[in-house]
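Chain by chain, the residues:
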Amino acid sequence: AQSVAQPEDQVNVAEGNPLTVKCTYSVSGNPYLFWYVQYPNRGLQFLLKYITGDNLVKGSYGFEAEFNKSQTSFHLKKPSALVSDSALYFCAVRDGGARAAGNKLTFGGGTRVLVKP
Amino acid sequence: DARVTQTPRHKVTEMGQEVTMRCQPILGHNTVFWYRQTMMQGLELLAYFRNRAPLDDSGMPKDRFSAEMPDATLATLKIQPSEPRDSAVYFCASAGYSNQPQHFGDGTRLSIL
């Protein structure tokens, strides 16, 4: 079984300050990890993914995430947050060895980010 | 940019009525997912298809929900009869190869009165 935990329901940050959204995961095999963002009245939008290779992954809108195998974490970061980054963020995982599961992802509960001017 | 298209975007109907939601996946994507999002339960996977064949529908209430892919360009999710507890936003997503991200539509906001 695979699972994802996003320990914070909400993260508040001032514009221009660094933003971190936490995610930890559990899978039996190699993890494929994803971050998505959801704006009001919209579907989830893909931000970035980790499959293999460099532990630091860069994605859209200046976001990046660091894969830490020993801590089973994949935290999302942005050096300088914008008011427009206020949204709902989802971390997701799948077992890279589970071919029968196809692209099925397990999503975390989401973290609401509020960036204040 | 290619995108997943869902119709209708909003649906309000009375309890007991049949509801059909449609999804056009991105051309070339062979896997289609149906999700439901509510404040209480978050994002739930209802069912998904690969090459039009159902792979897993264990998240779907079988007595009233049904999902099909009549062809590669259309996926449908039906509720019959609908109940107030079905009120939610329903998302369709599609994906290609196994390590590719899922692409989501903008959802159908369903309200059952």
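Details of the structure are given in the entry above.
In short, a report on the structure.

So, how was this worked out
- Residues numbered from 1 in each chain as written.
- Chains lettered and ligands numbered in written order.
- Predicted model: local features only at pLDDT ≥ 70, side-chain atom pairs only at ≥ 80, totals over all residues.
- Heavy atoms only, no water.
- Helix = DSSP H or I, 4+ residues; strand = E, 2+ residues; numbered from the N terminus.
- Rg over C-alpha atoms; globule rule 2.2 N^0.38 Å.
- Areas by Shrake-Rupley, 256 points an atom, 1.4 Å probe, with all protein chains shown as cover.
- Buried < 20%, exposed > 50% of the residue type's maximum accessible area, 1.4 Å probe, protein only.
- Contact = heavy atoms within 4.5 Å.
- Lys, Arg positive; Asp, Glu negative; His and termini not counted.
- Charge placed at Lys NZ, Arg CZ, Asp CG, Glu CD.
- Phe/Tyr/Trp six-rings, centres within 6.5 Å; stacked < 30°, edge-to-face > 60°.
- Polar contact = N/O pair within 3.5 Å; in protein donor to acceptor, adjacent residues only side chain to side chain.
- Pairing = 2+ DSSP bridges.

1. Observations concerning the overall build of chain B
Link 1 in the chain: Each helix and strand in chain B was counted, giving zero helices and eleven strands.
Link 2 in the chain: Secondary structure of chain B in N-to-C order comes out as β-β-β-β-β-β-β-β-β-β-β.
Link 3 in the chain: On C-alpha atoms alone, chain B measures out to a radius of gyration of 13 Å, which is about the 13 Å that the 2.2 N^0.38 rule sets for 113 residues.
Link 4 in the chain: By its C-alpha atoms, chain B is 40 × 25 × 25 Å across when sized along the principal axes.
Link 5 in the chain: Within the structure as shown, chain B displays about 5800 Å² of accessible surface, and the carbon and sulfur contribution to it stands at 49%.

2. Let's talk about the overall build of chain A
Link 1 in the chain: Assigned secondary structure in chain A consists of zero helices and twelve strands.
Link 2 in the chain: For chain A, the succession of helices and strands along the chain, N to C, is β-β-β-β-β-β-β-β-β-β-β-β.
Link 3 in the chain: Whereas a compact globule of 117 residues would reach a radius of gyration of roughly 13 Å, chain A reaches 14 Å, a difference of no more than 12%.
Link 4 in the chain: Relative to its full complement of 117 residues, chain A shows a buried share of 45%.
Link 5 in the chain: Long-range pairs, those at least 24 residues apart, make up 58% of the contacts in chain A between residues at least 6 apart in sequence.
Link 6 in the chain: Accessible area for chain A stands at about 5600 Å²; split by element, carbon and sulfur atoms hold 49% of it.
Link 7 in the chain: Distance between charge centres in chain A, computed from 12 positive and 8 negative side chains, equals 7 Å.

3. Focus on the packing of aromatic side chains
Residues and elements named next belong to chain B.
Link 1 in the chain: Inspection of the entire model under this criterion finds 15 aromatic pairs over all chains.
Link 2 in the chain: With centroids separated by 6.4 Å and ring planes inclined at 75 degrees, the aromatic side chains of F91 and F104 adopt a geometry described as edge-to-face. With F91 in strand β9 (residues 88-95) and F104 in strand β10 (residues 103-104), this residue pair connects regions lying 13 residues apart in the sequence. When sorted by exposure, F91 lands in the same class as F104, which is buried.

4. Re the environment of S86(A)
All names here are of chain A.
Link 1 in the chain: On the secondary structure map, S86 appears in the loop between β9 (73-78) and β10 (87-95).
Link 2 in the chain: Excluding its chain neighbours within four sequence positions, the residues that come into contact with S86 are Y39, V113, L114 and V115.
Link 3 in the chain: Here V83 takes part through its backbone oxygen, which lies 2.9 Å from a polar atom of the side chain of S86.
Link 4 in the chain: A polar side-chain atom of S86 sits 2.9 Å from the main-chain amide nitrogen of V115.

5. Points about the pairing of strand β6 (residues 53-56) of chain B
Link 1 in the chain: Note: strand β5 (residues 42-50) of chain B against β6(B), three bridges, orientation antiparallel. The residue of β6(B) that forms the bridge with R50(B) is A53(B).

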